[in-house]
Every structure is written in C-alpha cells, then in structure tokens.
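Each chain, letter by letter, is given below.
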Number of protein chains: 2
Amino acid sequence: MASNVPEQSPARAPLRRQEVTERIKSLILQNRLAPGDPLPTESELCETLGASRSSVREAVKVLSALDIVEVRHGHGTYVGRLSLAALVEGLTFRAMLSRHDDFATLAELVEVRQVLERGLAAPIIGAFDDGQHRSLAALVAEMEELAERGETFVEQDRAFHLLLMGPLHNRLITQLTGAFWDVHAIVVPMLEASVADARETAAAHRAIVEAAARKDVPGFADAIAAHYAPVLKHLNAKMGTVDPSWPPA
Amino acid sequence: MASNVPEQSPARAPLRRQEVTERIKSLILQNRLAPGDPLPTESELCETLGASRSSVREAVKVLSALDIVEVRHGHGTYVGRLSLAALVEGLTFRAMLSRHDDFATLAELVEVRQVLERGLAAPIIGAFDDGQHRSLAALVAEMEELAERGETFVEQDRAFHLLLMGPLHNRLITQLTGAFWDVHAIVVPMLEASVADARETAAAHRAIVEAAARKDVPGFADAIAAHYAPVLKHLNAKMGTVDPSWPPA
DNA sequence: CAAAATTTGTCCGTATGTATC
DNA sequence: AGATACATACGGACAAATTTT
C-alpha cells in the first residue's frame, strides 16, 4: 500500500521526457509564473534543456493534458489555467467504460456531489445573503419557465450549483463542483438515461433556495437529498442495463 | 496533398494528435477493454489510424498522463488503471505554485477533506463493524507507539483515512480521499510547514475511532473537526509566509 | 491585401535502450 | 548469450496557424 511517491529500486536512468517535464515545471515554479505567462519556445527549450524536439514536445503535451501548460498553434506556449480538466476527462472516460456493466461510476459521482453539498450546508447558509438569494431565485424562475415549455436547462442547473458554492471562497470546492457536474452532463446523454422530469427538478432547486433563505440547515440538507434522490434512484434502476447500439461509428 | 475541399470558416481541421487520442479512447471503449489489457503497438496504431509515430506517441503520452493508458518501456502499451494520478499531479503543482503568496490552496484542500469525512459521518458509522474497529485501533496503536518515540507515521495516517472510507463501497470517494491525502503529504514537507505534534495527531485519530465505536454521529463529526483544526490553524497562521530558500537547485 | 517571420504541428529515417524468449 | 519485439530518443524537412511588416 505504498503511496505514489518515489520509487527507487535500482537507480534507473530517468527518462528524457520525464526530466524535461520536471524541468519545465521547475521553470514555472522558480520564476513564479502565473497562468497566461509565456514560456520559452520549443526550440529554446531544446537548447536550454539539451533535449531533442520530440522529447520536449511529448513533455509539453503531458503538461498540457494536466493544464499546467497551454499550447496555441502558431503562437506559443503559455502557463496553463491549472483547471481540473484532466479530472473531468479521466472520470468521463471511466464512467463510459464502466457503463457496459453498470452505472456504478455515475452513481458514485452523484453520491460525492451530494456529500459535498450536504456537508457544506452550514457554511453555505451562514454565507447566504440577499444578492445570492435573488440570483438563485432568478435561475430557478428560468428553470421553471423552461420546464413548462418542455425544454431542459443544463446551463441554469450548472450555474445554480456553482453559485451555491461561490460565497465559500474555496476555489477547489467550486472547481470540483463544476468538474463533477461536467462529467455528469457529458456522460448522461450518452447513456440515453433520460433525466428526471424537468418540472420536478426545477421544484427541487426551488426548495433548496427556500431552505437556505429560511436559514434552515437541516431543511437545506433534506432539500439537497431530495434533489439527488430521483437521480440516484434512476441510476440504480438502470444497473445492468446495456445499450449495445452505442457508441456509433 | 492539396485539399480538394476548401475548409471555410469555423470548421477547423481537427489536429492529428487529437484525432488519434479520441480514436484510441474509442478503441478501448468499443472493445470493452479493462485495465491491464494490451493495446496495439505504436507501429500498428500508426497503420490503423494512418498517422505518424510522432502523432501517435504524443497522443499516447497524453492518455498516459490521464492514466487511461499505461506504457511499459520495451514491453508494450496497455489500458491504464484510470486512477486519479493526474488530479494529484495537478493539485500538487497548483499548491506549490500558490505557496509563494499564501497557503490558500493547501487550506482549501484540507477543508475539502474535512467536508468529505464529516459529511459521510452517518454512513461511515452505519457501516462500522468490529473488524474495522480492530484494524483502525491497531493503526492508532502504531501511531501512538511511533509518536512516543518521536517518529512520524505517514503510512498509518493514510491507511487510517482510507480504511474509514472503505466500507462505503464508493471507489470514487476512496480514491479522492487517497488523492487529496497524497497531495497534502507531498506538498507539506516542501513547505517546511512542520506538522503538528505527532502525539496530538494520534490522539485525534483515537477519538475518531472511539466516536465511531459508540455510534455517535455528532461526536464523530466533532472528532473529525478536531483532527483537522490544528492543521488548518497552522496553515492559516503561515499565510503570507515566504521561504525564499526553496526550492533548492 | 500580401508577403515574411515566428511558432507549433506532422512526418520520416535512423539509432539506442529495454524486456522477453 | 543471442535474437526478437518494443518503446525511447534524435535530427531534419515540410505543413499549418498566427502575427507583424
């Protein structure tokens, strides 16, 4: 059960690409660069680091996948936004791969989202103010309007949950919320697991806002649970379901 | 090689590497491969996908960074373990980059860990049984023994928190716990932010186990809070601290 | 508008290191 | 130890995208 830290059996020659990767990271750290700051060009990195262009490029691509670096074709290489894009891509792939047997991965994801929001009930309500109330109420109104017309409201839904977390001033929580939501939004349509009734979902969001406005912590937690309950029920009901017609060519 | 179809305006030709990346992912999905299953060799992928080695290699490196693919030098390419290694690397880098100004990133990380464990108090206690009690108590005993000798116990600490989450049967929660813990363990030593007193930490873990054994949900949540409180206090106290002597050459 | 300069993207050929039989 | 299969690394050439002149 060793954690994923150095493994040094027979001191093996470190791979060239790995060396370059680490040195680029050090370059950013030691120069205290910020997202958007320019990095040396490929050829400059080749000279500085004494590596071929192939090695440098592969290293840059790895860092690009982690959003530590951002590459713009014909323009240059820059420090990345350090987002959780890699988490989204990894979890999305995992969910799609496990989908054939069951929907366990997706259900686990929903559980985590629920734990985060329920566990943060007290601080969320503590920081709940009028401005936030108005913004959330407006989003819910949009949801209800769209639901009545038989339309969906993915954008409003995402904004709602992010806005709920915003006042906590914890960027990691906000980004995790967004990341988990993104995975869900990407995977669910591919499962053809039609979402719950839109009106029901809109009503659940309204209940969350109202509980928060009442400063009712247990009520808020219950409203969160009620919001996720139909999703979890639906996923658990589809366990074992297989759609052999997907993915298409 | 002139394009007989002049691509006009917004529809930009997708990059070769991106195409290859997607097709390798599709290859895994459509063939329902599992972690450890072998993938075609580089040259085979070049033929199948009609791309050069460079493009294939860069694509494979990206997938390797996400642990969707695993490359063993001189052996072959295989489906990866789909771990959260990319999350660990990304968060670690972010924490080290933000360290110059403050310890906000690390503090946010600790908050998330706390929310997860506190929010899961009820299900954890619901699934708490004798075997788990013995395992956790044994770990705590080791901690106390090591603390008395003035030693640390990172391995026992990591195992403790993973064991706490184990019975929930939610792999995502378990992996997130491990990932967050890893980031913390990697970053903290680099900050020279000396950890709290080992005996105090061991005692906090014992309090958690005892509350769980009593089936005392609020007591468990309080014990979790008491466990993280000194860490958060310490991080907040160091806000703005800068150690110009790091990193070394 | 057009050409040039800069930078990343792609391809090829070759040589080397590594693991397995 | 040798042979084979595979990934790693290098260098050069040209294509594509972007900005500047």
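Keep in mind it's a predicted model, so treat the numbers as computed, not measured.

Here we take up unusual backbone geometry. Its identity is not glycine, yet Leu 82 of chain A carries a phi of approximately 55°, on the positive side. With respect to the helices and strands, Leu 82 of chain A occurs in the loop between strand 3 (76–79) and helix 4 (85–98). Classification of Leu 82 of chain A by relative accessible area gives buried; the value is 10%. Within the chain, Lys 215 of chain B stands out as a residue other than glycine whose phi angle is a positive 60°. Checked against the element boundaries, Lys 215 of chain B lands in the loop between helix 10 (198–213) and helix 11 (217–237). By relative accessible area, Lys 215 of chain B is classed as partly exposed at 43%.

Our focus in this paragraph is the environment of Ala 185 of chain A. All names here are of chain A. Relative to the helices and strands, Ala 185 is located in helix 9 (residues 171–191). Given the relative accessible area of 30%, Ala 185 is considered partly exposed. Separated by 27 residues in the primary sequence, Ala 185 and Arg 158 have C-alpha atoms spaced 9.2 Å apart.

Before going further, it helps to spend a moment on the UniProt feature "domain: HTH gntR-type" (unreviewed entry) in chain A. Those places that UniProt annotates as "domain: HTH gntR-type" (unreviewed entry) correspond, in this numbering, to residues 14–82 of chain A. Annotated as 52% helix and 14% strand, the span residues 14–82 of chain A places its first and last C-alpha atoms 25 Å apart.

What follows is about the protein's contact with DNA strand C. Around DNA strand C sit 23 residues in total, of which Arg 53, Arg 57 and Lys 61 of chain A together with Arg 16 and Ser 55 of chain B are the nearest. Each atom of DNA strand C within 4 Å of the protein was assigned to sugar, phosphate or base; sugar and phosphate come to 68%. Between DNA strand C and the protein, one listed contact pairs a phosphate oxygen with a backbone N or O atom of Arg 16 of chain B at 2.3 Å. Elements represented by at least two residues in the surface near DNA strand C include exactly helix 3 (53–65), strand 2 (69–72) and strand 3 of chain A together with helix 1 (16–30) and helix 3 (53–65) of chain B. Its residues assigned to classes, the surface near DNA strand C shows 3 nonpolar, 12 polar and 8 charged.

Put simply, an interface is often sized by how much accessible area is lost when its parts join up. Partitioning chain A into domains gives domain 1 (12–79) and domain 2 (85–239). Taking the mean C-alpha position of each, domain 1 of chain A and domain 2 of chain A sit 37 Å from one another.

Thresholds, definitions, all that
Residues numbered from 1 in each chain as written. Chains lettered and ligands numbered in written order. Predicted model: local features only at pLDDT ≥ 70, side-chain atom pairs only at ≥ 80, totals over all residues. Heavy atoms only, no water. Helix = DSSP H or I, 4+ residues; strand = E, 2+ residues; numbered from the N terminus. Buried < 20%, exposed > 50% of the residue type's maximum accessible area, 1.4 Å probe, protein only. UniProt positions renumbered as here; feature names shortened; annotations may be inferred. Near = heavy atom within 4 Å. Polar contact = N/O pair within 3.5 Å; in protein donor to acceptor, adjacent residues only side chain to side chain. Nonpolar A, V, L, I, M, F, W, Y, C, P; charged D, E, K, R; others polar. Domains from an automatic or database assignment.

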